[in-house]
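Topology and contacts: notes
Listed below are the residues making up each chain.
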Amino acid sequence: MSDNETSRLVKGAVVLSIAGLISKVLSAVYRIVLQNLTGDIGFYMYQQLYPLLGIATMLALYGFPSAISSLTATELEKGRALSWRGFYRPILFILGSFHLLLIAIVYFTAPLLARLAGDERFVGLYQVTAAVFLIVPVLALFRGIQQGKYEMAPTAFSQIGEQFIRVGTIIAGALLVSQGIFQIDAIGTTAVLASLLGGVSALVVLVCFYYKNRKHSPADVKAFSLEEAVPWKKYVKTLLLFGVAAAMNHMTLLFMQLADAFTFVPRLMASGAAEIAAKEMKGVFDRGQPLIQVVTIIGSSIALAIIPAINYQKLKKQREQVMNYIQTAMHVGIFIAIGAVLGLFIIFPEVNQLLYKNMQGTGELRLLIIAIGMSTISIIGASILQSLGMIVRTAVFIGISFVVKVGSNLILIPHFEVYGASIATILSLSVLLLLVGIELYRKLPSVSLYRSMSWKSLAAASLSMVIYLLVMQRMFSALVIDIRLLLLIYVLFISVSGAGLFLFVLLKTGGLTEAQIRILPKSAYLLRIYHKGRKKP
């Protein structure tokens with residue numbers, strides 16, 4: 001790979017990270033709006049379908065495009081053209097066959113899935129949801145081809161466009177339900193329609209980029225083609241093994257919600273809860289999902305900005321530099337995770353009231369907040385392993401954590417209800433964190449990820465922030481809790497100021513070295529804080 005291609009790849013990774021961040025924040029925001037408009041029952045209905053819709057999105061956005069881009073880059077490096085008979089058609093055939101199988105499985109097992117979910121009304125909705133997988137092969141092909149040519153903008157713009165269409169459709173449907181024009185059951189149909197419309201809009205964006213860039217692409221004028229022999233075995237292995245594994249690595253939180261969708265309500269009802277009460281409790285529990293998602297994504301994205309500089313080739317050639325990148329990514333991730341957990345744990349009553357208009361479930365969801373720390377650190381660790389080529393192994397770890405979540409739900413929910421589901425999530429993410437930590441140590445034994453951390457700085461920053469938040473809460477919370485606008489101002493102010501205080505103390509007490517700070521985004525500003533008042537050696 002040339003220096004120019006490497007530069008384009010790194011810049012492209014940053015573009016995709018920004019698009020992913022925008023998309024995830026939008027996803028969290030619209031679910032909060034949805035709950036406000038349709039209540040906990042409406043939110044429950046949407047969350048029952050969301051995991052299946054999310055799986056389709058992950059396959060079309062991350063999994064198969066990654067596999068196709070790898071195949072594309074390999075062929076172009078060999079000087080071969082991407083012909084219809086030798087490349088496009090076989091890939092579409094493999095992906096089309098795989099997704100037709102998925103559609104058949106979801107469609108014909110819909111009655112079973114509805115029984116597992118504890119609600120027979122979902123039979124038709126699960127069957128309609130299967131249609132979302134129809135558009136995945138074409139989306140994945142267009143994204144993967146262009147990523148393989150180091151053109152990341154098409155994927156980024158298509159992702160953002162898709163999310164805006166989806167958000168607009170869901171909010172429009174929720175408004176119609178809140179006005180009594182549609183019944184509450186329409187939330188499920190709206191969710192499926194939103195995914196289909198979003199997928200079509202993404203396809204339009206991708207096709208436009210494809211034909212625009214095709215005029216200037218050298219890939220279409222190479223002398224060789226793939227007409228002679230189609231490497232079916234290679235295609236199938238890359239697409240179905242690497243592609244699915246790559247998608248799974250983006251499904252950690254999605255799998256937690258999938259487990260809840262099919263175990264939460266049935267286990268509550270089995271323990272004696274009424275059907276409506278159980279569904280309302282599931283809706284209340286799901287309030288924590290947008291918060292976990294947005295805090296985890298924002299927190300991990302800061303550390304993950306470092307990840308494009310990490311790969312197996314660099315590890316062999318520039319070991320010390322890559323080790324510093326890895327250590328910095330993990331340290332930043334741990335600092336952010338612990339700070340976010342402590343801060344959100346303290347101010348969660350106000351956050352719950354602000355976002356959902358009551359404090360129902362505050363105790364149970366406070367416990368769930370602990371999962372933010374584990375998911376953030378696990379995602380960063382897993383991303384480091386993936387960048388070193390361990391994609392299938394990290395996918396296996398995520399699969400194991402899913403099994404732990406399902407088993408824990410089945411055992412704990414009947415005894416502890418919503419608290420049981422929160423504990424199950426924490427247990428499953430703890431297993432994932434343990435597996436990732438062990439693998440990092442096995443792969444990089446010379447990197448001192450935890451012993452080299454400045455725990456005293458972390459303790460000082462955490463204590464300063466906790467004291468500040470508790471004082472502010474004691475002084476102002478009761479004054480603003482019943483006025484939503486004032487509560488919004490209060491929550492925003494203490495969140496930003498609390499995070500700022502945490503960062504300030506962390507930097508001033510030497511939580512990160514100067515070399516580590518230089519790697520981070522906005523390092524010039526952070527270095528000014530670090531150096532101010534510090535004696536020069």
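The following paragraphs examine the structure supplied in this document. (Residues numbered from 1 in each chain as written. Predicted model: local features only at pLDDT ≥ 70, side-chain atom pairs only at ≥ 80, totals over all residues. Heavy atoms only, no water.)

1. Describing the pattern of salt bridges
A pair can form between side chains of opposite charge whenever their charged atoms are brought close. Under the counting rule described, the total for this entry stands at 11 salt bridges. Where D119 meets R121, a salt bridge forms, and the shortest distance between an N and an O atom there is 3.1 Å. Residue classification places D119 among the buried residues on the basis of a relative accessible area of 4%. For R121, a relative accessible area of 40% corresponds to the partly exposed category. (Salt bridge = Lys/Arg side-chain N within 4 Å of Asp/Glu carboxyl O. Buried < 20%, exposed > 50% of the residue type's maximum accessible area, 1.4 Å probe, protein only.)

2. A few points about the packing of aromatic side chains
Per the stated rule, a full pass over the model turns up 15 aromatic pairs. For the ring pair Y46 and Y50, a centre distance of 5.8 Å and an interplane angle of 40° mean the geometry is tilted. With Y46 and Y50 both in helix α1 (residues 3-77), this residue pair falls four residues apart, about one helical turn. Accessibility assignment for this pair places Y46 and Y50 in one class, buried. (Phe/Tyr/Trp six-rings, centres within 6.5 Å; stacked < 30°, edge-to-face > 60°. Helix = DSSP H or I, 4+ residues; strand = E, 2+ residues; numbered from the N terminus.)

3. A few points about the packing of helix α19 (residues 484-508) against helix α21 (residues 523-531)
When two helices pack together, their arrangement is captured by the angle between the axes and the distance separating the axes. At their nearest, the axes of α19 and α21 sit 8 Å apart, and the two run at 60° to each other. Our classification of the angle between α19 and α21 gives oblique. Where α19 crosses over α21, the two elements pack in a sense that is right-handed. Facing α19, whose interface residues are L503, F504, L507 and K508, α21 presents L526, I529 and Y530. Residues of the contact of α19 with α21, tallied by class, amount to six nonpolar, no polar and one charged. (Axes fitted to C-alpha atoms, helices over the stretch in contact; angles between N-to-C directions. Parallel < 35°, antiparallel > 145°, perpendicular 65-115°, else oblique. Left-handed = near helix turned anticlockwise from the far one by under 90°. Contact = heavy atoms within 4.5 Å. Nonpolar A, V, L, I, M, F, W, Y, C, P; charged D, E, K, R; others polar.)

4. Describing unusual backbone geometry
For K357, which is not a glycine, the phi torsion comes out positive at approximately 70°. Examined against the element boundaries, K357 turns out to sit in the loop between α13 (319-356) and α14 (362-368). For E417, which is not glycine, the phi torsion reads 55° and is therefore positive. Note on placement: E417 falls in the loop between α16 (391-416) and α17 (418-443). Residue E417 is classed as partly exposed on the basis of its relative accessible area, which comes to 39%.

5. Details of a nonpolar patch on the surface
A contiguous nonpolar surface patch, about 580 Å² in accessible area, is contributed by L463, I467, V471, M475, F476 and L479. Structurally, the position occupied by M475 is in helix α18 (residues 455-480). M475 sits in the partly exposed class, given a relative accessible area of 48%. (Patch = residues over 30% accessible without salt bridge, like charges linked within 9 Å, V, L, I, M, F, W, Y side chains within 5 Å. Areas by Shrake-Rupley, 256 points an atom, 1.4 Å probe, with all protein chains shown as cover.)

6. Brief notes about empty space enclosed by the protein
Tallied over the full model, the rule gives three cavities of 30 Å³ or more. By volume, the largest cavity is sized at about 80 Å³. Only α1, α5 (136-148), α6 (153-178) and α7 (186-214) provide two or more residues apiece to the lining of the largest cavity. Approximately 50 Å³ is the volume found for the second largest cavity. Along the walls of the second largest cavity sit L253, M256, D260, Q289, I292, A371, K405, T425 and L429, which together make up its complete lining. The set of elements that each furnish at least two residues to the lining of the second largest cavity consists of α9 (252-270), α11 (288-304) and α17. When residues in the lining of the second largest cavity are grouped by element, the largest group, three residues, is from α9. Partitioned by chemical class, the residues of the lining of the second largest cavity number five nonpolar, two polar and two charged. (1 Å grid on protein atoms, 1.4 Å probe; cavity = no way out; pocket = protein on both sides within 12 Å on 5 of 7 lines; lining within 4 Å. Points joined across faces, edges and corners; volume = space filled by probe spheres on them.)

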